[in-house]
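Architecture at a glance
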Amino acid sequence: MAMPLWNEHDESYKEIHEIIVPHLGHIPIGKGDFHRLPRDVRHFIGHWVDILNPRTIYICDGSDDEAHEIISKLEERGTLHKLRKYENNYICRTDPKDVARVESKTYISTEDQYMSVPHVKEGTKGILGQWESPEVLNKDLEERMPGCMTGRTMYVIPFSMGPVGSPLSKIGIELTDSSYVVLSMRIMTRVTSEIWNVIRDHHEFVKCVHSVGCPRPVKWKVINHWPCNPEKTLIAHLPDKRMVISYGSGYGGNSLLGKKCFALRIAGRIAYDEGWMAEHMLIMSVTNPQGVEKFIAAAFPSACGKTNMAMLEPSLPGWKVQVVGDDIAWMRFDKNGVLRGINPERGFFGVAPGTNYKTNPNAMKTLLRNSIMTNIAEGDDGSFFWEGMEKEVDPDLMLTSWLGERFTVKEKGDRKAAHPNSRFCCPAEQCPIIHPKWEDPEGVPISALIFGGRRPEGIPVVMESFDWKHGVMLGASLKSEATAAAEFKGKVIMHDPMAMRPFMGYNFGKYLQHWLDFEDKPDLKLPKIFHVKWFRLDEQGKFVWPGFGENIRAIDWMLRRCDGEDIAEPSPIGLLPKKGSLNLDGINTDWNKMFNLPKDYLLGDIEETRKFLQEQTGTDLPKEILNQLSKQEERIKTMSTK
Ligand code: GTP
Ligand code: SPV
Ligand code: MN
């Protein structure tokens, strides 16, 4: 292969107020002091400036002044628009073709294919990560990257995932031509010039390159002042190089590269190499009425309730919840064998629809200032609006929908005011229940791990795994309805093992083995593993479980199990609450609907899951997972049919 695009050559870059790059000559520095950056960073920037050909370079320092300058520019251009009713809140509408993560254009590239993806069964299309050879990826990038920032500013964003300087944190640098990305990254990550010193001390940083793929003059009509290039979108990961290259999309996980690309796919691989875990999990603290606090981490697929659970307002008196993180957890066992977790992010990028003062009052209070909301609707009084807020606003409020349609709240009918994957992006520190230790460099001790998904049938509201191995199997068997967080349409139920299907950065078989191996390490205090499901429906299509703040009842049960209370009884699929052990005071639920086990359904489910895992993970599937599935199947077979 020709020298790949990402390999830095050796030319040195002149260190003055401009960069002299080998092919382009002088590139002015719009802001910042190139000359004071660490040498490796200068090389990284110089290399990519040479390829991308921006008009100017802007080295971000993360300050408020910087944000205000960029916001004013975006307001002038029409990309951002102030929501008058609040303090420093902005609304943004994307090109309607760029509204969610694009899983089909997301690739992992390593020399060794099987480091990235499993040996799928012949004839199967793998859905646990897509591999592309470095040769093919290089060709794809050669078609896209050269000159793609022509006429645009290239921002250099230094950021830390996790508290700056914490031993659990990692550093990244994102080069981007999107000022929306700059503003969002400074909410979602820690952007500061201190990063340069950390790099000088430790050297390592994850390289992130992002372009919207619209060099100027743009050859097509830019919609909503939101440049993007959906036909050519490509989200590429080079885990061996600790690098991400993203092209064509400006939204969410496609462009805020600290999030899924770095904190899950690249960090997942780093965690595998270094012996820790990077997971799609919230972290929350729960204090019971006796004043005892425990931390739990929960993995639910996209749009399945992590943000809601992390900020839950307990319906039971005397309980207290505090949030550490709502989407991603980095966890490692400390020298005492305790699993410790940090939230690598600094903000919440949460699903707007469904969020209201009843379901998630804490999120509502977090996003009243210093936030950016994308693809939501705006009220004529300068307020934000999305589906789920109908009962909390004036029915005569005139709205402008995310697509620019005009109607009042009461006229809305079936029309969508906000896109289903519209999101708020707000600073975590503004959350009224943010945990005082949310930035503790040591992380918080995790007592329980929870898996869950959105599926209508079969599985009980809450159960405990028999042991660690059984818990890993339950996680690997996770299924959920397709959501608007990615490009899927319709309500099809998909496998989403460990809530990580879209976020795997290395071979899923190795990932499962990595999880299983923790059981064999001496002296680790393994957390208990649970499975929950808030989304079981009855025959009428109604949720059998009230959810949201009432989920504290299931949490109460799980935490009492962590204390060893005798409130569980074995069932073929896991340990279920003994009848009466779940606090259901004051709610109207039907025990049988929540906990009955439909034998035929469960047998079919095991068979289908085994087939899925065998096809998708092939010879890389750990034997122990098959063993757990068989044992589960045998137990279900012995059930009587009711
Ligand atoms: P990502 O940010 O995509 O990873 O999503 P998430 O897992 O954080 O999901 P989130 O908490 O944003 O919830 C997504 C949707 O599910 C929202 O519309 C919520 O209102 C709804 N939801 C959350 N929790 C519950 C629950 O306990 N019961 C029911 N019925 N719906 C819920
Ligand atoms: C998810 O899809 O799980 C998200 C949104 O949290 S995004 O950042 O776009 O990945
Ligand atoms: Mn998520």
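The rules behind each value
- Residues numbered from 1 in each chain as written.
- Chains lettered and ligands numbered in written order.
- Predicted model: local features only at pLDDT ≥ 70, side-chain atom pairs only at ≥ 80, totals over all residues.
- Heavy atoms only, no water.
- Near = heavy atom within 4 Å.
- Polar contact = N/O pair within 3.5 Å; in protein donor to acceptor, adjacent residues only side chain to side chain.
- Helix = DSSP H or I, 4+ residues; strand = E, 2+ residues; numbered from the N terminus.
- Nonpolar A, V, L, I, M, F, W, Y, C, P; charged D, E, K, R; others polar.
- Areas by Shrake-Rupley, 256 points an atom, 1.4 Å probe, with all protein chains shown as cover.
- Salt bridge = Lys/Arg side-chain N within 4 Å of Asp/Glu carboxyl O.
- Buried < 20%, exposed > 50% of the residue type's maximum accessible area, 1.4 Å probe, protein only.
- 1 Å grid on protein atoms, 1.4 Å probe; cavity = no way out; pocket = protein on both sides within 12 Å on 5 of 7 lines; lining within 4 Å.
- Points joined across faces, edges and corners; volume = space filled by probe spheres on them.

Description of the site of ligand 1
Near ligand 1 you find 21 residues, and of these Ala303, Lys306, Thr307, Asn308 and Arg423 are the closest. In the environment of ligand 1, an oxygen atom lies 2.8 Å from a nitrogen or oxygen atom belonging to the backbone of Gly305. Between ligand 1 and Thr307, the relevant distance is 2.8 Å, taken from an oxygen atom to a main-chain nitrogen or oxygen of the residue. Considering each element in turn, the shell around ligand 1 owes the most residues, three residues, to helix H9 (residues 306-310). Looking at side-chain class alone, the shell around ligand 1 contains nine nonpolar, eight polar and four charged residues.

A word on the site of ligand 2
Inspection of the region around ligand 2 gives Arg101, Gly252, Gly253, Lys259, Lys260, His280, Ser302, Asp327, Phe349, Arg423, Ala485 and Phe503 as its neighbouring residues. A distance of 2.9 Å is found between an oxygen atom of ligand 2 and a backbone nitrogen or oxygen belonging to Gly253. Interatomic distance of 3.2 Å between a side-chain N/O atom of His280 and an oxygen atom of ligand 2. Alone, ligand 2 offers 280 Å² of accessible surface; in the complex the protein occludes 98% of this.

Things to note about the pattern of salt bridges
One pass over the full model with this rule turns up 39 salt bridges. With its nearest N and O atoms 3.2 Å apart, the salt bridge here joins Asp64 to Arg186. With Asp64 in helix H2 (residues 64-77) and Arg186 in helix H5 (residues 179-188), this pair connects stretches of sequence that are 122 residues apart. Arg269 serves as the salt-bridge partner of Asp273, at 3.2 Å between the closest nitrogen and oxygen. Pair noted here: Asp273 and Arg269 are both in helix H8 (residues 258-274), with a separation of four residues, about one helical turn. When its relative accessible area of 9% is taken as the criterion, Arg269 is described as buried. A network of salt bridges, in which partner residues are shared, links Lys259, Lys260, Lys306, Asp327 and Glu345.

Quick word on empty space enclosed by the protein
Per the counting criterion, the structure on display carries three cavities of 30 Å³ or more. Estimated volume of the largest cavity: approximately 170 Å³. Secondary-structure elements contributing two or more residues to the lining of the largest cavity are helix H11 (468-476), helix H15 (599-617) and helix H16 (623-637). No other element matches the four residues that H15 contributes to the lining of the largest cavity. For the lining of the largest cavity, the residue count by class is 10 nonpolar, four polar and two charged. There is about 110 Å³ of room inside the second largest cavity. Taken together, 14 residues line the second largest cavity, and the ones lying closest to its centre are Glu481, Ala482, Thr483, Asp496 and Arg501.

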